[in-house]
Amino acid sequence: MAILSQQTQGVSSLFSMRKDSLTNPLPSNCKPVNTKVNISSLSTHLVKSPFLKIEMLSCPVKSRAITQYIAYVHGPRGTELLNLQSHETMAILTMWMEIEAHHFDPPASKLTWEQVIKPLYGLETDHTVVKENEANLEKVLNVYEKRLQESRFLACNSFTLVDLHHLPNIQYLLGTPTKRLFKNRPKVHKWVDEITSREAWKMACDQEKSWFNKQRRN
């Protein structure tokens, strides 16, 4: 059974940006990760284990590789998520993908872990960690605010894989006090509103409308 992360669920829907539906559905043996089932079966001391955290943090890395592969191979089927028009646009896209992976994701993932994942399993949020990582995230968002004064999206003026890779953490953090960091920056706020309001992303977040539930019912 192939297991797809939330990032991959998103890109599977976003390919269809002609009319927000895949022309050909993904194989029926692809299923989403049920994080709660996987983690809830573990004891509390395992949930706190650094080895578990390492495994969970490796999932986004694998997801980025999967989304890049799908975007490259199946790009003609829907929205072009890789801006490969020239060497320059490819370099800019790659640079912003690296910024997301190495500067945005580390603090954002820690904030998601502390404020969203841990409370699900009765674990206490470490507010010191939250404060530290909000400070780190603010520095990144200040750079984003400046960039978004020049460009509609991060890599260019069209939606790309760079923006898509931000969506899972942003979606979680909008349900936490950390959302103020996005809302306090006008350009970042506008960008967040635009990428989270895309119909394909809303479908990916809605279990009743998502591609994997449609296949499961068929």
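Starting afresh in each chain, residues are numbered from 1 along the sequence in its written order. Selection of residues for local features in this predicted model requires a pLDDT of at least 70, selection of side-chain atom pairs for listing and counting requires 80 or more, and totals for whole chains, interfaces and linings are taken over all residues. Side-chain numbers come from the whole structure's heavy atoms, not from hydrogens or water.

Draft legend 1. Here's a closer look at the side chain of His 166. Going along the chain from the N terminus, every DSSP run of H or I of four or more residues is numbered as a helix, and every run of E of two or more is numbered as a strand. Residue placement: His 166 occurs in helix α7 (residues 161-173). Accessibility expressed as a relative area gives 0% for His 166, which makes it buried. Contacts are assigned to residue pairs with any non-hydrogen atoms lying within 4.5 Å of each other. Sequence-distant contacts of His 166, defined by excluding residues within four places in its chain, comprise Glu 100, Phe 104, Tyr 144, Leu 154 and Trp 191. Buried means the residue's accessible area, taken with a 1.4 Å probe over protein chains only, is under 20% of the maximum for its type, while exposed means over 50%, and partly exposed covers the values in between.

Draft legend 2. Just the confidence of the model for the chain, in detail. The predictor reports its confidence for every residue as pLDDT, a score running from 0 up to 100. For the chain, mean pLDDT is 77; residues scoring 70 or higher make up 66% of the total. Long-range and interchain partners of residues 35-58, a stretch whose pLDDT sits below 50, account for 21 contacts in this model, where long-range means more than four residues apart. Counting contacts from residues 211-218, a segment whose pLDDT is below 50, to residues more than four positions away or on other chains yields 18 contacts.

Draft legend 3. Focus on the environment of Leu 181. As for its placement among the helices and strands, Leu 181 is situated in helix α8 (residues 179-183). Of the residues examined, Leu 181 reaches a relative accessible area of 2% and is grouped as buried. Beyond its immediate chain neighbours, meaning those up to four positions away, Leu 181 contacts Glu 134, Leu 137, Glu 138 and Leu 141.

Draft legend 4. Seen up close, the packing of α7 against helix α9 (residues 186-196). Across the interface, α7 lies against α9 with an axial gap of 10 Å and an inter-helix angle of 95°. By the angle between their axes, α7 is roughly perpendicular relative to α9. When α7 is examined against α9, the residues Asp 163, His 166, Leu 167, Ile 170 and Gln 171 are found in contact with a partner set consisting of Trp 191, Val 192, Ile 195 and Thr 196. Note that Gly is not counted as nonpolar here; it falls among the polar residues with everything else outside the nonpolar set of Ala, Val, Leu, Ile, Met, Phe, Trp, Tyr, Cys and Pro and the charged set of Asp, Glu, Lys and Arg. Residues of the contact of α7 with α9, tallied by class, amount to five nonpolar, three polar and one charged. For helices, the fitted axis covers only the stretch in contact; all axes are lines through C-alpha atoms, and the angles between them, taken along N-to-C directions, range from 0 to 180 degrees. In this scheme, roughly parallel covers angles under 35 degrees and roughly antiparallel covers those over 145, while 65 to 115 is roughly perpendicular and the rest are oblique.

Draft legend 5. Up close: the nonpolar core. The criterion is simple. A nonpolar core is a set of buried Ala, Val, Leu, Ile, Met, Phe, Trp, Tyr and Cys residues joined through side-chain atoms within 4.5 Å. Counting 34 residues, the largest nonpolar core has Phe 104, Leu 137, Leu 141, Tyr 144, Phe 182, Val 188 and Trp 191 as the members making the most contacts within it. The element contributing the most residues to this core is helix α5 (residues 87-120), with seven residues. Among residues more than four places away in sequence, those in contact with Leu 141 are Phe 104, Leu 181, Phe 182, Arg 185 and Val 188.

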